[in-house]
Amino acid sequence: TRTSRPQRILKAVQTKATVGDPQSVITAIDHFCRHREWAMNVGDEKGSILDSVVNEVSPVTVLELGTYCGYSTVRIARLLPPGACVITLEFNPDYAAIARQVIKWSGLEDKVQLVEGASGDWIPWMKEHFGVQAFDLVFLDHWKERYLPDTKLLEECGLIQKGTVLLADNVICPGTPDYLEYVRNSPHYNSQYYRSHLEYTKVEDGLEKSVFLGY
Ligand SMILES: O=C(NC/C=C/[C@H]1O[C@@H](n2cnc3c(NCCO)ncnc32)[C@H](O)[C@@H]1O)c1cc(-c2ccc(F)cc2)cc(O)c1O
Ligand SMILES: [Mg+2]
């Protein structure tokens, strides 16, 4: 049977990128998705904004919701200092298997903990299972209708504390209206919109950065 799009993305990485060179993995995926086949990676334009937020926060523990092929996982992990790590949740086993190989090719497996499972099932176990006190940065890029419920779940589980930064992809396209309304109107968040474009296109999209101010 035909290969899947994630399998074709992995092949592009394995043929075009250099083992142990995260930037070449990022460049290979962006080239493939711009010139061969579109895919829902955060991409190079929004990816540069993600990079600047990671550098600004200098997080020790990062949570990513929705690994897909591991493109943004590699973007984040390549900027982390020794001892810092990104826990990334992915509930599709096929995508998780591809992402593991992309992360391995980039040489960043020591900074990444890929957890196969649904955010709703795993978030309540983060403290106990991973010894996480609170996340410094959360990158939301999974099902858009899950951004708000999962944010509320993270709050309830005490995983969002004063200073935690939430960075959400696709707040315009496909859009996350209930999430935007929540973080922009809540007195507990200071929210900022970074205007950009949908990956590999001229369509408007953007990232929303929301800093938790404490209770
Ligand atoms: O839909 C988009 N992203 C979804 C990501 C899903 C990935 O995350 C995984 N996932 C989903 N829910 C959960 C979950 N928890 C929730 C379920 O329990 N727990 C764990 N993993 C989860 C999936 O298995 C996938 O790997 C998107 C679309 C466009 C787009 C724009 C314009 C277009 F025309 C077309 C498409 C652009 C984008 O940048 C986009 O991110
Ligand atoms: Mg996205």
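Everything below is about the structure printed above this text.
In this report, the structure presented in the accompanying data block is examined. Sequence positions are assigned chain by chain, starting from 1 and proceeding in written order. Here the convention is simple: chains get letters from A, ligands get numbers from 1, in the order in which they are written. For a predicted model such as this one, the threshold for reporting local features is a pLDDT of at least 70, and the threshold for listing and counting side-chain atom pairs is 80 or more; totals across whole chains, interfaces and linings nevertheless cover every residue. Side-chain calculation: all heavy atoms of the structure are included, whereas hydrogens and water are not.

**Details of the overall build of the protein**
Put simply, the test is: The secondary structure listing takes helices from DSSP runs of H or I that are at least 4 residues long and strands from runs of E that are at least 2 residues long, numbered from the N terminus. Atoms counted for the radius of gyration: C-alpha only. Globule rule: 2.2 Å times the number of residues to the power 0.38. Throughout this description, buried means an accessible area under 20% of the type-specific maximum (1.4 Å probe, protein chains only), exposed means over 50%, and partly exposed covers the range between. Note on contacts: a residue pair qualifies if any of its non-hydrogen atoms lie within 4.5 Å across the two residues. Accessible areas in this description were obtained via Shrake-Rupley with a 1.4 Å probe; residue shielding takes into account the shown protein chains only. Residues counted as positive are Lys and Arg, residues counted as negative are Asp and Glu, and His and the chain ends are not counted. Just so you know, the charge point we use is NZ for Lys, CZ for Arg, CG for Asp and CD for Glu.
Helix and strand counts for the protein come out as ten helices and seven strands. Relative to a compact globule of 215 residues, whose C-alpha radius of gyration would be 17 Å, the protein shows 16 Å and is just as compact. For the C-alpha atoms alone, the extent of the protein along its principal axes is close to 50 × 40 × 35 Å. The buried share among the 215 residues of the protein stands at 53%. The contacts of the protein with a sequence gap of at least 6 include a subset with a gap of at least 24, amounting to 72%. Accessible area of the protein: about 9,900 Å², with a carbon and sulfur share of 53%. Between the centroid of the 22 positive side chains of the protein and the centroid of its 28 negative side chains there is a distance of 6 Å.

**Some remarks on unusual backbone geometry**
The omega torsion of the bond from cysteine 173 to proline 174 falls at 5 degrees, within 30 degrees of zero and hence cis. In this structure, asparagine 170 takes a positive phi of about 65 degrees despite not being glycine. Here asparagine 170 is to be found in the loop between β5 (165-168) and α9 (171-175). In this structure asparagine 170 comes out as buried when scored by relative accessible area, which is 3%.

**Considerations on the coordination of the magnesium ion (ligand 2)**
Put simply, the rule reads: For Na, K and Ca the donor cut-off is 3.2 Å, while for other metals it is 2.8 Å, and in both cases only N, O and S atoms qualify; water is not among them, so sites may look incomplete.
Protein coordination at the magnesium ion (ligand 2): the donors are Asp141 (OD), Asp169 (OD) and Asn170 (OD1), at 2.0 to 2.2 Å from the metal. Look at where the donors of the magnesium ion (ligand 2) fall in the sequence and you get D-x27-D-N. Placement of the pair is aspartate 141 in the loop between β4 (137-140) and α8 (147-156) and asparagine 170 in the loop between β5 and α9, with a sequence separation of 29 residues.

**Examining the packing of aromatic side chains**
Geometrically, a pair of aromatic rings is defined through the distance of the ring centres and the angle of the planes. Condition: Within 6.5 Å between ring centres, the rings of Phe, Tyr and Trp (the latter by its six-membered ring) count as paired, and their orientation is classed by plane angle as stacked under 30 degrees, edge-to-face over 60, tilted in between.
Evaluated as defined, the whole model comprises seven aromatic pairs. Taken together, a centroid distance of 5.1 Å and an interplanar angle of 85 degrees make the contact between phenylalanine 91 and tryptophan 143 edge-to-face. Note that phenylalanine 91 is positioned in the loop between β2 (85-90) and α5 (93-106) and tryptophan 143 in the loop between β4 and α8, a separation of 52 residues in sequence. Given the relative accessible area of 47%, phenylalanine 91 is considered partly exposed.

**Remarks on the pairing of strand β6 (residues 189-197)**
Heads up, the rule is: Strand pairing is assigned whenever DSSP identifies at least 2 bridges connecting the two strands.
For β6 and strand β7 (residues 204-212), the ladder comprises nine bridges, and the chain directions are antiparallel. Across the sheet, the residue bridging to arginine 195 is glycine 206, located in β7. In sequence, β6 turns back onto β7 through a hairpin of six residues, with tyrosine 200 there showing a positive phi of about 65 degrees.

**Focus: the sheet that holds β5**
The criterion, for reference: Whenever a helix is involved, its axis is fitted only over the stretch in contact; in every case the axis is a line through C-alpha atoms, and angles between N-to-C directions fall within 0 to 180 degrees.
If you walk across this open sheet you meet the seven strands as β3-β2-β1-β4-β5-β7-β6, and the pairing is mixed. The sheet is open, and its two edges are formed by β3 (112-116) and β6, each paired on a single side. For this sheet, the mean angle separating the axes of adjacent strands, direction not counted, is 15 degrees. Helix α3 (residues 43-57) rests against β4, β5, β6 and β7 of the sheet, and its axis sits at about 150 degrees to β6.

**Considerations on the side chain of serine 210**
For clarity, the cut-off: Counting of polar contacts relies on pairs of N or O atoms within 3.5 Å, with two restrictions inside protein: one atom must be capable of donating a hydrogen and the other of accepting it, and residues adjacent in sequence are counted only when both atoms are side-chain atoms.
Its location among the elements puts serine 210 in strand β7. Serine 210 sits in the buried class, given a relative accessible area of 0%. Here the side chain of serine 210 touches serine 191 through a polar contact of 2.7 Å, side chain to side chain. Setting aside chain neighbours within four positions, we find serine 210 in contact with Thr164, Val165, Leu166, Tyr179, Val183, Tyr189, Asn190 and Ser191.

**Observations concerning helix α10 (residues 177-185)**
Filter applied, for reference: When we speak of the arc, we mean the arc of directions from the helix axis to the C-beta atoms.
For α10, the set of buried residues is Tyr179, Leu180 and Val183. Around the axis of α10, the buried residues are gathered within 95 degrees of arc, so they sit on the same side. The exposed set on the far side of α10, more than 90 degrees from its buried face, consists of Pro177 and Asn185. Where α10 is buried, its residues meet β4, α8, β5, α9, β6 and β7.

From the geometry alone we can't say anything about function, so treat these as descriptive.
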